[in-house]
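Architecture at a glance
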Amino acid sequence: MPQTSEEESLGALVAQASDHISTLVRSEIELAKAELRFDAKRVGTAAGLFAAAAFMAHLCLILASFAIAYVLVEVGLPQWLAFTIVTVFYLLVAALLVFLGTRRLKGLAAMKRTTRSLKGLKEIATPEGELVKPDA
């Protein structure tokens, strides 16, 4: 059965639309890749700068610790006691931070809401009377 000119033009239009949509999708993917590369470079640079700042702050903390210890020596404490006081102070701060971090971890929800929601979806999706295989 020969096609009429209307059917041919409709087919050509559908083919063109399909081609244009395909080109548009490819272009959008390329744009997303370019933006992602640009953002990744910025994030990498910022992470490097933050790491350098953290290293510098750590060096300052060490120098400040020595300064505090020598101030205690100037006050009249023996040198060994001054440095011991500073060390014990940092150990107490570290212990406090570990304690606070452990308490934060104990408060994790373990995705309880998501698990409950997925179980509800499973019940809805499973027809009555059909057995569901247990998750392995």
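**Examining the overall build of the protein**
Looking only at helices and strands, the protein features three helices and zero strands. Taken from N to C terminus, the helices and strands of the protein fall in the order α-α-α. The buried share among the 136 residues of the protein stands at 4%. Approximately 12,400 Å² of the protein is accessible, and the part contributed by carbon and sulfur atoms is 70%.

**Some thoughts on the pattern of salt bridges**
Applying the stated criterion to the full structure yields one salt bridge. Between Glu-30 and Lys-33 there is a salt bridge; the shortest N-O distance is 3.8 Å. A residue pair is termed a helical-turn pair when its members lie 3 or 4 positions apart in one helix, as Glu-30 and Lys-33 do in helix H1 (residues 5-75) at three residues. Among the residues examined, Lys-33 registers a relative accessible area of 42% and is labelled partly exposed.

**Some thoughts on a nonpolar patch on the surface**
The grouping of Phe-55, Met-56, Leu-59, Ile-62, Phe-66 and Tyr-70 at the surface amounts to a nonpolar patch, some 590 Å² of accessible area in total. Here Tyr-70 shows up in helix H1. The exposure class assigned to Tyr-70 is partly exposed, which follows from its relative accessible area of 42%.

**Some details on the packing of aromatic side chains**
This model, assessed by the stated rule, comprises three aromatic pairs. With a centroid separation of 5.7 Å and 70° between ring planes, the pair formed by Phe-66 and Phe-83 is classed as edge-to-face. With Phe-66 in helix H1 and Phe-83 in helix H2 (residues 79-106), this residue pair connects regions lying 17 residues apart in the sequence. Overall, Phe-83 belongs to the partly exposed group, its relative accessible area being 24%. With a centroid separation of 5.4 Å and 85° between ring planes, the pair formed by Tyr-70 and Phe-83 is classed as edge-to-face.

**Points about the confidence of the model for the protein**
Summarising the model, the protein shows a mean pLDDT of 85, and 85% of its residues fall at 70 or more. Across the protein, the secondary-structure element scoring lowest on mean pLDDT is helix H3 (residues 112-125), at 75, and the one scoring highest is H2, at 95.

**A word on the side chain of Ser-65**
Structurally, Ser-65 can be placed in helix H1. Polar contacts involving the side chain of Ser-65 include one to the side chain of Tyr-90, which spans 2.7 Å. Among residues more than four places away in sequence, those in contact with Ser-65 are Val-86 and Tyr-90.

So, how was this worked out
Residues numbered from 1 in each chain as written. Predicted model: local features only at pLDDT ≥ 70, side-chain atom pairs only at ≥ 80, totals over all residues. Heavy atoms only, no water. Helix = DSSP H or I, 4+ residues; strand = E, 2+ residues; numbered from the N terminus. Buried < 20%, exposed > 50% of the residue type's maximum accessible area, 1.4 Å probe, protein only. Areas by Shrake-Rupley, 256 points an atom, 1.4 Å probe, with all protein chains shown as cover. Salt bridge = Lys/Arg side-chain N within 4 Å of Asp/Glu carboxyl O. Patch = residues over 30% accessible without salt bridge, like charges linked within 9 Å, V, L, I, M, F, W, Y side chains within 5 Å. Phe/Tyr/Trp six-rings, centres within 6.5 Å; stacked < 30°, edge-to-face > 60°. pLDDT = per-residue confidence, 0-100. Polar contact = N/O pair within 3.5 Å; in protein donor to acceptor, adjacent residues only side chain to side chain. Contact = heavy atoms within 4.5 Å.

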